[in-house]
Structure formats: C-alpha cells, structure tokens
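Structure at a glance
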Amino acid sequence: MNQRISSLRYVVIKWNDAETRGGPEWVTLEDLLEYSTKPPPLITTVGAVLFETEEFITVTDTLGIEETGAVHCLPKGMIISIRELHMGEEQNGMSTRRE
C-alpha cells in the first residue's frame, strides 16, 4: 500500500446537510411553511481524512495509488459526530480486515 495512503486516518462522519427549496418557479407559501418544519437530512460520509482544521474537515471516499475520487469539505458546525475506523475492527458485524 502506498505510504501516503496508509498514513491517512479513516473516519465515519455523521452530519446535517444544508438544503434549499424553491427555484426559478413559484412555490406556494403553504408548501414552504410545511417544508420549513422538517429537520435537515442526516448524512453519513465514510472516508480518508485529507485535511482538517478547527473549522472544517476534508475527506475522500475513494483512493487509488495516485488518484482520488470525490472530495467532501464539511464545515465542523454541521458535523454531529466523527468516529475513527481502525483496520481489523468489527463494524456492525462486518470486518474491516483485508483478505
């Protein structure tokens, strides 16, 4: 495994997503008032930490030897929890061991 990849922290992040309702078309006030009472969606992101500050954390969910997939930059104010993953531990009955 690439040394840089093996030194990354792997995490499960639960966070509240921001949402916008409406657009260029008209929306009834009744629909928007009903929408405004719903909590924001709870999202789970699993990935490798690329960068972190007191204000935000940046993770990727896919890693290659020299490339990465999507990168997610999450403001810490939206994060509910961050849990570290460790190779070999059980996760809800599933092993993270490599064969």
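Look up: the structure comes first, before these words.
Notes on the structure in this doc start here. These figures come from a predicted structure and were not determined experimentally.

1. Brief notes about the overall build of the protein chain
Secondary structure summary: the protein chain contains 2 helices and 7 strands in total. Starting at the N terminus and ending at the C terminus, the protein chain contains elements arranged as α-β-α-β-β-β-β-β-β. The proportion of buried residues among the 99 residues of the protein chain is 20%. Intrachain contacts of the protein chain at a sequence separation of at least 6 include 54% that bridge at least 24 residues.

2. A few points about the pattern of salt bridges
Tallied over the full model, the rule gives 3 salt bridges. Between K76 and E52 there is a salt bridge, and its shortest N-O distance comes to 2.9 Å. With K76 in the loop between β4 (71–75) and β5 (79–85) and E52 in strand β2 (residues 42–52), this residue pair connects regions lying 24 residues apart in the sequence. Linked through salt bridges whose partners overlap, the residues forming this network are R9, E52, K76 and E84.

3. A look at the sheet that holds β2
Taken in spatial order, the 5 strands make up an open sheet running β4-β3-β2-β1-β5, and their pairing is antiparallel. Either end of the sheet is taken by a strand with one partner, and the two such strands are β4 and β5. Taking each pair of neighbouring strands and ignoring which way they run, the sheet shows an average axis angle of 40 degrees. Sheet topology places β2 next to strand β3 (residues 56–60); 4 bridges connect them, and they run antiparallel. By the bridge assignment for β3, E52 is matched with I57.

4. Some words on the packing of aromatic side chains
The final tally for this structure, using the stated rule, is 1 aromatic pair. Between F51 and F56, the aromatic rings sit 5.9 Å apart at their centres with planes inclined by 35 degrees, giving tilted as the arrangement. Judged by relative accessible area, F51 falls into the partly exposed class, the value being 47%.

5. So, the side chain of T60
Position of T60 relative to the elements: it lies in strand β3. Residue T60 is classed as buried on the basis of its relative accessible area, which comes to 1%. Within the structure, the side chain of T60 is placed 2.5 Å from the side chain of T68, a separation counted as a polar contact. Among the polar contacts made by the side chain of T60, one reaches the main-chain carbonyl oxygen of A70 at a distance of 2.9 Å. Aside from chain neighbours lying at most four places away, what touches T60 is V46, G47, A48, L50, T68, G69, A70 and V71.

6. Some words on the nonpolar core
Across soluble globular proteins, you tend to see nonpolar side chains buried next to one another. Judged by nonpolar contacts, V11, I13, W15, V49, I57, V59, L74 and I79 together constitute the single largest core of 8 residues. Listing elements by their share of this core, those giving two or more residues are β1 (10–16) and β3. At 3 residues, β1 tops the list of elements feeding residues into this core. Excluding anything up to four places from it in sequence, I13 contacts I43, T44, T45, I57, V59, L74, I79, S81 and I82.

Cut-offs applied
- Residues numbered from 1 in each chain as written.
- Predicted model: local features only at pLDDT ≥ 70, side-chain atom pairs only at ≥ 80, totals over all residues.
- Heavy atoms only, no water.
- Helix = DSSP H or I, 4+ residues; strand = E, 2+ residues; numbered from the N terminus.
- Buried < 20%, exposed > 50% of the residue type's maximum accessible area, 1.4 Å probe, protein only.
- Contact = heavy atoms within 4.5 Å.
- Salt bridge = Lys/Arg side-chain N within 4 Å of Asp/Glu carboxyl O.
- Pairing = 2+ DSSP bridges.
- Axes fitted to C-alpha atoms, helices over the stretch in contact; angles between N-to-C directions.
- Phe/Tyr/Trp six-rings, centres within 6.5 Å; stacked < 30°, edge-to-face > 60°.
- Polar contact = N/O pair within 3.5 Å; in protein donor to acceptor, adjacent residues only side chain to side chain.
- Core = buried A, V, L, I, M, F, W, Y, C linked by side-chain atoms within 4.5 Å.

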